[in-house]
Amino acid sequence: MGLALAATAARADCSRPIRVPIAPIGMSVVTSGGEVSGVYPDLLRKVAAETGCQFDFGVVPRARVEAMYAGGGADLLVPATRTTQRDLHGDFIPMMKARAMLISLSSDRASVESLAELGERRELRVVVVRGFDYGETYQQLLATLKAQRRLVVEADAAAVVRALERNLADVTVMAPSILAGTLLQDARTRPLLDRLRLEPMAELGWTDSGIYLSRHLPAKDREVLSDALERNARSGTVWKTLQKHYPAGSYEDGLKAIVAPR
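Here goes a summary of the coordinates provided. Nothing here was measured: the structure is a model prediction, and the numbers come from that model. For every chain, the first residue of its written sequence is number 1, and the numbers climb from 1 along that sequence. At least 70 in pLDDT is required for a residue's local features to be given in this predicted model, at least 80 for side-chain atom pairs to be given and counted, and no such filter applies to totals for whole chains, interfaces and linings, which use all residues. By convention in this description, side-chain values take in all heavy atoms of the structure and omit both hydrogens and water.

## Overview of helix H5 (residues 136–147)
Right, on to step 1. Counting from the N terminus, the helices are DSSP H or I runs at least four residues long and the strands are E runs at least two residues long. To estimate the expected span of a helix, count its residues, drop one, and scale the result by 1.5 Å. In this model, H5 (12 residues) spans 17 Å end to end at C-alpha, consistent with the 16 Å of a helix rising 1.5 Å per residue.
Right, on to step 2. Three exposure classes are used, based on accessible area relative to the maximum for each residue type with a 1.4 Å probe and protein chains only: buried under 20%, partly exposed in between, and exposed over 50%. Those residues of H5 that fall on the buried side of the exposure criterion are Tyr138, Leu141, Leu142 and Leu145. Buried residues of H5, seen end-on, are gathered within an arc of 100° and therefore sit on one face of the element. When the buried face of H5 is taken as reference, the exposed residues oriented beyond 90 degrees from it are Glu136 and Ala147.
Right, on to step 3. Arg149 sits one or two residues past H5 and shows a positive phi near 60°. Picture the helix axis, draw a direction to every C-beta atom, and the arc is the one those directions span.

Here is the structure:
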């Protein structure tokens, strides 16, 4: 499914349409009924109006988004936490700070304080989204869990919710805003918000989250887009956009502004 965001300007400053494959991620990217909305599509609409660039969206699974970015088939990777592996293929523009946490439905199990401890807690089954990446330690944990046959891999956050709700897995690792945003979109799952148990992991601190610009983009296009994205981040526009989509209390544990909100 392809969707285009065209600017109102008569002449595009970018040399060609910008390819943006996306997958639903909480309220950051929402895909429903052929429409694309959410924090980052709103931001790119604003950038389109400011620069005259055109963004062509295609809705695909998150793992496919990552593969397209790594292979040069995507001009933007959005949204994304910064990792060494992703840095190999593009230039990173930070939009906010984020952290992943251990998330489960409320229970009386003993707490977990680190990914290392999670790797040792063999009674806990872990479900994750294919294509999510929170750095080298996270990837090492996935390899350990796979070897122990404790890893459940799903295509998106909605499937993670179902796995937790149906007791097919015990915990997940992701940014809380992603899971909360997924729950908010369905009246049947909204009550689960009050049952979420969030536990910070020692290895997963606050890190930059934002947008990667592929080095396959012409240098002038990267310059135009970088300037516009950095300007919107510095001005607080990105954070204000996020607050329009996420209700208070649903994002603060895993997201914070890179500049002080005005």
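## A word on the pairing of strand S10 (residues 151–154)
Right, on to step 1. What makes two strands pair is DSSP finding at least two bridges between them. Both strand S9 (residues 126–129) and S10 contribute to a ladder of 4 bridges, which runs parallel. Within S10, the position partnered with Val129 by the bridge is Glu154.
Right, on to step 2. Handedness of the crossover joining S9 and S10 through H5 is recorded here as right-handed. For a crossover, the right-handed case is the one in which the path from the first strand over the helix to the second runs clockwise, viewed with the strands pointing away from the viewer.

## Structural notes on the side chain of Arg121
Right, on to step 1. Tracing the backbone shows Arg121 in the loop between helix H4 (115–120) and S9.
Right, on to step 2. Here the side chain of Arg121 touches Glu123 through a polar contact of 2.6 Å, side chain to side chain.
Right, on to step 3. The residues contacting Arg121, other than those within four sequence positions of it, are Ala110, Ser111, Val112 and Arg150. Polar contacts, as used here, are pairs of N or O atoms within 3.5 Å; protein pairs need one atom able to donate a hydrogen and one able to accept it. Residues neighboring in sequence count only if both atoms are side-chain atoms. Contact between two residues is taken to exist if any of their heavy atoms lie within 4.5 Å; hydrogens are not considered.

## Let's talk about the packing of aromatic side chains
Right, on to step 1. In summary, the pairing rule links any two rings of Phe, Tyr or Trp, Trp by its six-membered ring, whose centres are within 6.5 Å, and it sorts them by plane angle into stacked for under 30 degrees, edge-to-face for over 60 and tilted for everything else. Enumeration over the complete set of coordinates arrives at 6 aromatic pairs.
Right, on to step 2. Ring geometry for Phe132 versus Tyr134: centroids 6.3 Å apart, planes at 85°, classification edge-to-face. Assigned by exposure class, Phe132 and Tyr134 land together as buried.
Right, on to step 3. The rings of Tyr69, Phe92 and Tyr212 are connected pair by pair, giving a single aromatic cluster.
Right, on to step 4. Only when the NZ atom of a Lys or the CZ atom of an Arg is both within 6 Å of the ring centre and within 35 degrees of the ring normal do we say a charge sits over the ring. A cation sits over an aromatic face here: Lys256 above Trp206, 4.5 Å from the ring centre.

## Quick word on the packing of helix H1 (residues 39–51) against helix H8 (residues 219–234)
Right, on to step 1. Every axis corresponds to a line fitted to the C-alpha atoms, with the helix fit spanning only the stretch in contact, and the corresponding angles, defined between N-to-C directions, vary from 0 to 180 degrees. The contact between H1 and H8 brings their axes to 10 Å, and the two run at 120°. For the element pair H1 / H8, the angle class is oblique. The crossing of H1 and H8 is right-handed. Contacts from Leu43, Leu44, Lys46, Val47, Glu50 and Thr51 of H1 reach H8 at Val224, Leu225, Ala228, Leu229, Arg231 and Asn232.
Right, on to step 2. Three categories are distinguished: nonpolar for Ala, Val, Leu, Ile, Met, Phe, Trp, Tyr, Cys and Pro, charged for Asp, Glu, Lys and Arg, and polar for the others, with Gly belonging to the last. In terms of residue class, the contact of H1 with H8 is built from 7 nonpolar, 2 polar and 3 charged. Between 65 and 115 degrees an angle is taken as roughly perpendicular, under 35 as roughly parallel, over 145 as roughly antiparallel, and anywhere else as oblique. Two helices crossing with the near one rotated counterclockwise from the far one by less than a right angle form a left-handed crossing, whereas a clockwise rotation gives a right-handed crossing.

## A closer look at the nonpolar core
Right, on to step 1. Judged by nonpolar contacts, the single largest core of 37 residues is most densely connected at Phe55, Leu76, Met95, Ile211 and Leu225.
Right, on to step 2. Breaking this core down by element, the ones donating at least two residues are strand S2 (18–22), H1, strand S5 (55–59), strand S6 (76–81), strand S7 (90–98), strand S13 (207–214), H8 and helix H9 (237–245).
Right, on to step 3. Among the elements that make up this core, the one with the highest residue count is H1 (6 residues).
Right, on to step 4. Residues belong to one nonpolar core when they are buried, are Ala, Val, Leu, Ile, Met, Phe, Trp, Tyr or Cys, and are joined through side-chain atoms within 4.5 Å. If you look at the next biggest cluster of nonpolar residues, it comprises 35 residues, including Leu141, Leu145, Met201 and Leu204.

That is the geometry; function is a separate question.
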